[in-house]
There are 2 protein chains.
Amino acid sequence: MNAPLDAALKAALPIPSAFDAATATVDSAAIAPFPNSRKVYIEGSRPDIRVPMREIAQSPTTGSFGGERNPPLFVYDTSGPYTDPAAAIDVRCGLTSPRLPWIRERADTEELAGPSSAYGQARLRDPALAALRFNLQRTPRRARPGRNVTQMHYARQGIITPEMEFVALRENLRRREYLASLSESGPMGARVASLLGRQHPGQSFGASIPLEVTPEFVRSELARGRAIIPANINHPEVEPMIIGRNFLVKINANIGNSAVSSSIGEEVEKMTWAIRWGADNVMDLSTGKHIHETREWIIRNSPVPIGTVPIYQALEKVNGKAEDLSWEIYRDTLIEQAEQGVDYFTIHAGMRLAYVPMTANRLTGIVSRGGSIMAKWCLAHHRESFLYTHFEDICEIMKAYDVSFSLGDGLRPGSIYDANDEAQLAELKTLGELTQVAWKHDVQTMIEGPGHVPLHLIKENMDLQLEQCSEAPFYTLGPLTTDIAPGYDHITSGIGAATIGWYGTAMLCYVTPKEHLGLPDKADVKDGIITYKIAAHAADLAKGHPGAQMRDNALSKARFEFRWDDQFNLGLDPDKARAFHDETLPKESSKVAHFCSMKITQEVRAYAAANGVGEDAALAQGMQEKAIEFVKGGARLYREA
Amino acid sequence: MNAPLDAALKAALPIPSAFDAATATVDSAAIAPFPNSRKVYIEGSRPDIRVPMREIAQSPTTGSFGGERNPPLFVYDTSGPYTDPAAAIDVRCGLTSPRLPWIRERADTEELAGPSSAYGQARLRDPALAALRFNLQRTPRRARPGRNVTQMHYARQGIITPEMEFVALRENLRRREYLASLSESGPMGARVASLLGRQHPGQSFGASIPLEVTPEFVRSELARGRAIIPANINHPEVEPMIIGRNFLVKINANIGNSAVSSSIGEEVEKMTWAIRWGADNVMDLSTGKHIHETREWIIRNSPVPIGTVPIYQALEKVNGKAEDLSWEIYRDTLIEQAEQGVDYFTIHAGMRLAYVPMTANRLTGIVSRGGSIMAKWCLAHHRESFLYTHFEDICEIMKAYDVSFSLGDGLRPGSIYDANDEAQLAELKTLGELTQVAWKHDVQTMIEGPGHVPLHLIKENMDLQLEQCSEAPFYTLGPLTTDIAPGYDHITSGIGAATIGWYGTAMLCYVTPKEHLGLPDKADVKDGIITYKIAAHAADLAKGHPGAQMRDNALSKARFEFRWDDQFNLGLDPDKARAFHDETLPKESSKVAHFCSMKITQEVRAYAAANGVGEDAALAQGMQEKAIEFVKGGARLYREA
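Residues numbered from 1 in each chain as written. Chains lettered and ligands numbered in written order. Predicted model: local features only at pLDDT ≥ 70, side-chain atom pairs only at ≥ 80, totals over all residues. Heavy atoms only, no water.

With an unreviewed UniProt entry as reference, chain A is termed Phosphomethylpyrimidine synthase, source organism Telluria aromaticivorans. UniProt's Cofactor (unreviewed entry) comment on chain A is quoted here verbatim: "[4Fe-4S] cluster". Of chain A, the UniProt comment under Function (unreviewed entry) reads exactly: "Catalyzes the synthesis of the hydroxymethylpyrimidine phosphate (HMP-P) moiety of thiamine from aminoimidazole ribotide (AIR) in a radical S-adenosyl-L-methionine (SAM)-dependent reaction." (UniProt positions renumbered as here; feature names shortened; annotations may be inferred.)

Undergrad: Please clarify how helix α4 (residues 118-125) of chain A should be interpreted in this entry.
TA: An α-helical turn contains 3.6 residues, so a residue and the one three or four places further along point in the same direction. Where α4(A) is concerned, the buried positions are A:Y119, A:G120, A:A122 and A:R123. The buried residues of α4(A) occupy one face: seen down the axis, they fall within an arc of 165°. (Buried < 20%, exposed > 50% of the residue type's maximum accessible area, 1.4 Å probe, protein only. Helix = DSSP H or I, 4+ residues; strand = E, 2+ residues; numbered from the N terminus. Arc of directions from axis to C-beta.)

Undergrad: Just to check I follow, could you spell out the packing of aromatic side chains for this structure?
TA: Each aromatic ring pair is characterised by the separation of its centres together with the angle its planes make. Scanning the model with the defined rule gives 30 aromatic pairs over all chains in all. Between the aromatic rings of B:F134 and B:W297, the centroid separation amounts to 5.0 Å while the plane-to-plane angle is 85°, which identifies the pairing as edge-to-face. Here B:F134, found in the loop between α4 (118-125) and β5 (141-143), pairs with B:W297, found in helix α11 (residues 291-300); they are 163 residues apart in sequence, far enough to count as distant. Look at B:W297 and you get buried, because its relative accessible area is 1%. Aromatic side chains B:F205 and B:Y503 sit 5.3 Å apart centroid to centroid with 85° between the ring planes, which places their arrangement in the edge-to-face category. Of this pair, B:F205 sits in the loop between α8 (189-197) and α9 (215-223) while B:Y503 sits in helix α19 (residues 489-503), and the two are 298 residues apart along the sequence. For B:F205, a relative accessible area of 30% gives the class partly exposed. Residue classification places B:Y503 among the buried residues on the basis of a relative accessible area of 6%. In this structure an aromatic cluster arises from ring pairing among A:W327, A:Y330, A:W377 and A:F386. The ring of B:Y312 has B:R369 lying over it, and the distance from NZ or CZ to the ring centre is 4.7 Å. (Phe/Tyr/Trp six-rings, centres within 6.5 Å; stacked < 30°, edge-to-face > 60°. Lys NZ or Arg CZ within 6 Å of the ring centre and 35° of its normal.)

Undergrad: Any chance you could explain the UniProt feature "binding site: Zn(2+)" (unreviewed entry) in chain A here in plain terms?
TA: According to UniProt, the "binding site: Zn(2+)" (unreviewed entry) feature falls on A:H452 and A:H516. With the annotated positions falling across 65 residues, the maximum pairwise C-alpha distance of 12.2 Å places them together in a single cluster. As for its position among the elements, A:H452 is in strand β13 (residues 445-452). Excluding residues within four positions of it along the chain, A:H452 makes contact with A:P413, A:G414, A:S415, A:I416, A:A419, A:P479, A:L480, A:D483, A:H516 and B:R559. A polar contact is formed between the side chain of A:H452 and the backbone oxygen of A:G414, at a distance of 3.4 Å. Relative to the assigned elements, A:H516 resides in the loop between β15 (507-509) and α20 (522-543). According to the relative accessible area criterion, A:H516 is buried, its value standing at 9%. (Contact = heavy atoms within 4.5 Å. Polar contact = N/O pair within 3.5 Å; in protein donor to acceptor, adjacent residues only side chain to side chain.)

Undergrad: Looking at this structure, how should I read the side chain of B:E293?
TA: Considering the arrangement of structural elements, one finds B:E293 in helix α11. Residues within four places of B:E293 in sequence aside, it is in contact with B:R123, B:L129, B:L132 and B:I264.

Undergrad: Any chance you could explain the packing of helix α19 (residues 489-503) of chain A against α20(A) here in plain terms?
TA: The relative placement of two packed helices is expressed as an angle between their axes plus a distance between the axes. All names here are of chain A. Their axes nearest at 8 Å, the elements α19 and α20 cross at an angle of 25°. It follows that α19 is roughly parallel to α20 by the angle criterion. Both α19 and α20 take part in a crossing whose hand is right-handed. Here H490, S493, G494, A497, A498, G501 and W502 of α19 lie close against α20, whose contacting residues are D527, T531, Y532, A535, A538, A539, A542 and K543. (Axes fitted to C-alpha atoms, helices over the stretch in contact; angles between N-to-C directions. Parallel < 35°, antiparallel > 145°, perpendicular 65-115°, else oblique. Left-handed = near helix turned anticlockwise from the far one by under 90°.)

Here it is, written out as structure tokens:
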């Protein structure tokens with residue numbers, strides 16, 4: 001038996017009394033419906049491709065604007081079956097597995113007899129964990145010998161998988177159908193459609209965003225490595241999503257318990273809470289004694305991809321002594337986690353021995369946990385990082401399960417002072433080299449980055465990454481654009497995140513108000529997510545992403561027409577908007593003076609048509625008459641709220 | 001007598017019972033000291049020039065870093081005497097008037113017998129207002145006949161006023177003295193000084209920010225109109241500040257009561273609260289029945305410049321009927337407010353009749369209250385705006401009191417859809433023309449702008465404004481970079497504000513979480529201010545503003561050395577940071593892994609010196625030995641928090 005494993009098992013803390021596998025239930029806050037919303041599914045080319053969206057209904061426009069219908073808007077929905085009243089949720093059973101038929105029909109995987117990692121087997125055998133363990137009724141899958149099961153591999157063979165079709169439908173946001181519905185919305189339909197369908201062309205700095213995403217486009221982006229679909233064959237519950245510069249900017253939320261805080265139930269709750277508010281992916285950064293069991297519960301109940309940092313668990317297995325880490329322990333951990341279904345691994349393979357001294361002149365040294373663990377190991381052994389030297393061995397594991405690389409930024413700057421320094425950029429270059437190795441194996445790969453970077457240095461990061469990593473998707477933490485606001489780092493970093501997303505970053509890792517200070521609670525998780533949804537969406541708008549502006553247009557139209565409920569319901573957080581509005585109930589709208597300039601112009605146009613005069617002349621004449629009419633009609637400026 | 005005035009007076013609501021002039025007191029929350037901080041004053045070339053700063057003390061660095069002293073940091077301080085325990089605060093008496101001697105010695109003003117506006121006189125006479133009225137023991141000043149008393153006028157005559165010297169000292173942040181103190185901080189003094197004094201050069205897009213601000217530089221910026229010092233001769237209590245692209249980016253907070261909500265006392269409280277957290281200026285946007293009295297209390301107790309939108313009060317005087325406005329009523333209002341000491345007026349003189357129809361194709365019409373009032377007047381009378389036609393008459397008033405223009409953006413976009421449209425840009429062009437007229441009269445002028453603008457269209461706004469308004473300071477609301485997050489518009493706009501500040505905007509008007517929804521409470525005001533301090537500071541860093549990075553460096557050094565209290569105290573909100581940290585008391589610092597790379601390099605350097613080998617060789621050798629030492633010494637990676 002493995003001595004460190006034994007030690008780890010014996011050191012297991014008593015099971016937290018709060019969690020019991022037999023009675024675990026879903027968090028009611030996570031399944032509460034959104035107002036005026038319902039879950040809808042877009043069907044693909046086969047009935048088992050069902051892409052979820054949230055449909056938000058609107059009231060008609062009334063009064064002086066004419067009685068036009070406001071068709072429902074469809075928004076991207078990460079919340080999975082939790083917000084589908086038709087879905088029966090039992091977290092003890094996990095979610096259904098829409099991908100299972102697709103995986104089976106590819107016939108390139110086999111079901112193993114059980115976990116093939118030593119640690120996985122040991123955990124399964126341990127009776128003390130029975131009350132904690134998710135009751136999994138199947139064994140792990142793995143690629144058949146000699147087969148490669150990554151989405152990139154299929155893409156490079158010219159195959160369009162159901163996953164690729166799924167994400168193509170998802171990315172289009174039902175844009176065409178929505179715009180068509182606007183044309184049919186009433187007497188002013190065509191005008192409204194052209195108004196609400198229009199958006200600024202944007203400035204994408206050379207991205208290649210198509211008007212309509214096709215499955216073929218998805219395949220081609222995957223084949224060239226410019227996008228990834230993180231979808232482990234052992235996570236069949238996932239609703240596929242795509243990460244890439246030419247797709248909607250995505251966000252990631254971090255959860256995870258520590259040695260003494262937070263039970264398994266709380267972590268599942270954080271995941272369902274995070275995806276409710278819009279997290280596209282979730283990373284489980286748990287440390288402590290039940291990492292394995294916690295992760296199983298999360299993955300089985302998660303419709304979004306789950307990422308981990310395997311070195312964290314490996315470190316637990318050696319009781320926190322970095323120098324006792326070894327390739328063997330790490331390898332076993334990769335397999336253990338891959339067989340549970342982790343969709344992407346953060347691996348700090350670019351943190352090389354020679355780079356450690358480069359941090360000597362830094363203000364805040366190495367702030368990445370994974371980076372400092374590996375730095376310590378390198379110094380203790382005076383050897384090159386085993387993650388670097390065994391990188392191709394890691395690729396062999398990744399491709400057998402389709403786990404994506406998230407090549408870690410162990411040397412990211414932890415202060416404005418350290419931004420874009422030699423250490424950071426040296427590691428980025430190495431990540432570029434490793435990307436080529438990963439692609440030799442068709443392993444899907446994204447690159448981690450920023451940290452703390454002042455606004456003017458952000459573009460350099462993006463440009464270097466595009467060039468050195470051959471356009472592999474960039475996945476950044478923030479960056480924080482100043483260090484001076486602990487307690488508000490969701491905001492200091494939201495600024496940097498929106499900016500780097502605009503420049504081409506594909507996924508933004510959120511930061512909560514607790515950054516640098518402590519562990520986030522549910523309110524912090526929500527604040528971080530809403531901030532990052534804002535950043536990602538601001539980036540989509542700036543890039544001119546087709547359809548991104550539909551939501552802004554619909555909400556602003558509702559605002560202009562005083563359809564308050566529609567305004568709230570179309571927003572990222574209807575509850576808060578409604579609560580803030582009810583709170584002060586101003587009798588007089590001091591913020592928005594309603595001015596009927598549109599109405600005036602409609603009347604001017606009608607006048608022109610009726611009198612056979614040009615619009616300009618009509619305008620001049622119409623202004624005069626309108627002026628008179630305005631005053632006579634009481635010249636009411638403010639619409640009573 | 002003036003009929004509308006009579007009507008206004010008769011319509012006066014009963015005095016809100018909460019406020020009584022005789023017993024008004026200062027808000028205790030506003031005078032609570034900041035932790036480890038004290039108010040200090042930098043003395044200028046004469047003893048009555050005393051520039052306030054806040055000095056934040058730090059603990060020494062202990063342990064393996066060596067015993068170095070961390071000198072106190074000095075930060076810009078907008079909170080006035082409120083945070084000075086030596087100052088006796090009685091809001092019934094107002095603040096002291098440091099500017100009074102400077103105004104007197106210029107001998108170009110005279111004290112009037114009393115208010116010269118009809119409305120001002122009427123309010124003073126009305127016995128019903130006695131219990132509300134601030135007990136002002138002096139009469140208004142005005143320029144002597146034929147004299148021009150603006151800071152721009154003095155600057156153009158080659159005069160350096162005490163106000164100019166004051167702001168020069170203020171802008172330097174005591175940078176030179178602080179850096180010198182770092183050199184003296186202990187055995188590693190020189191290295192620490194070079195570390196903490198260093199900052200990224202930034203990218204200011206052609207700004208001209210000097211390393212050291214001199215009074216002469218201030219004079220020259222004022223003379224060319226590239227900066228303003230808003231300081232009405234009737235606001236001698238103000239601690240002068242400067243607004244301009246080549247100075248620190250400033251922020252403005254809005255306060256103001258409405259007809260039924262919020263008493264005078266609450267407004268004074270909001271002002272003291274706003275400046276505590278860092279508002280450089282405050283605008284009083286009150287509507288309702290006691291605008292005049294409310295404003296007097298605010299100005300008498302405000303160490304920061306106060307702005308207003310005079311058309312709001314003029315509208316109240318005509319009972320809310322825009323078409324009843326007239327130049328005469330407006331003129332009287334300008335004089336009334338100027339004689340109370342308002343430092344800048346938002347005047348929508350660029351909202352011309354011909355531009356109104358340009359809003360016909362907008363999604364959200366005219367969202368500016370002042371803009372829509374004037375649009376309504378123009379349409380009702382079918383005449384050009386009286387603000388535009390009487391602009392030079394307005395200049396004559398401004399120059400007699402040194403009130404600065406804030407040329408209003410009545411046609412700013414209220415939705416992403418409307419950004420950078422024809423109406424908005426037409427008004428901007430007119431504001432540029434009006435700037436030239438104002439400068440003919442040496443009236444200090446800034447230009448208002450943005451609103452809702454997607455990230456990629458922000459630069460165009462800045463470039464157009466610089467060109468068309470001849471580099472007059474830009475003062476923008478946000479911009480909001482997306483419409484989809486009501487309840488979080490401090491964040492949607494914080495992103496745009498940081499960006500436009502980086503590009504050259506001189507002052508950012510804050511947005512609170514209540515934007516579009518309701519009136520902000522104290523918590524909202526604070527959230528808005530902290531967000532905008534972050535945006536302004538992120539902009540300063542990106543521009544490479546000398547000294548801006550000192551605070552980030554000091555805080556990050558404290559963070560790296562686990563000097564938790566110093567980290568909190570150096571931040572924008574020490575209370576929140578401390579509360580967030582105590583809340584979860586993680587036993588293991590999962591966020592920052594402390595890695596002694598600096599220490600290693602110091603030892604390597606010492607080794608090299610002692611053994612006469614080059615640093616590289618020493619490094620290689622040192623790594624080997626260090627590795628051994630590391631493991632022997634228990635290889636402790638994590639510092640216990």
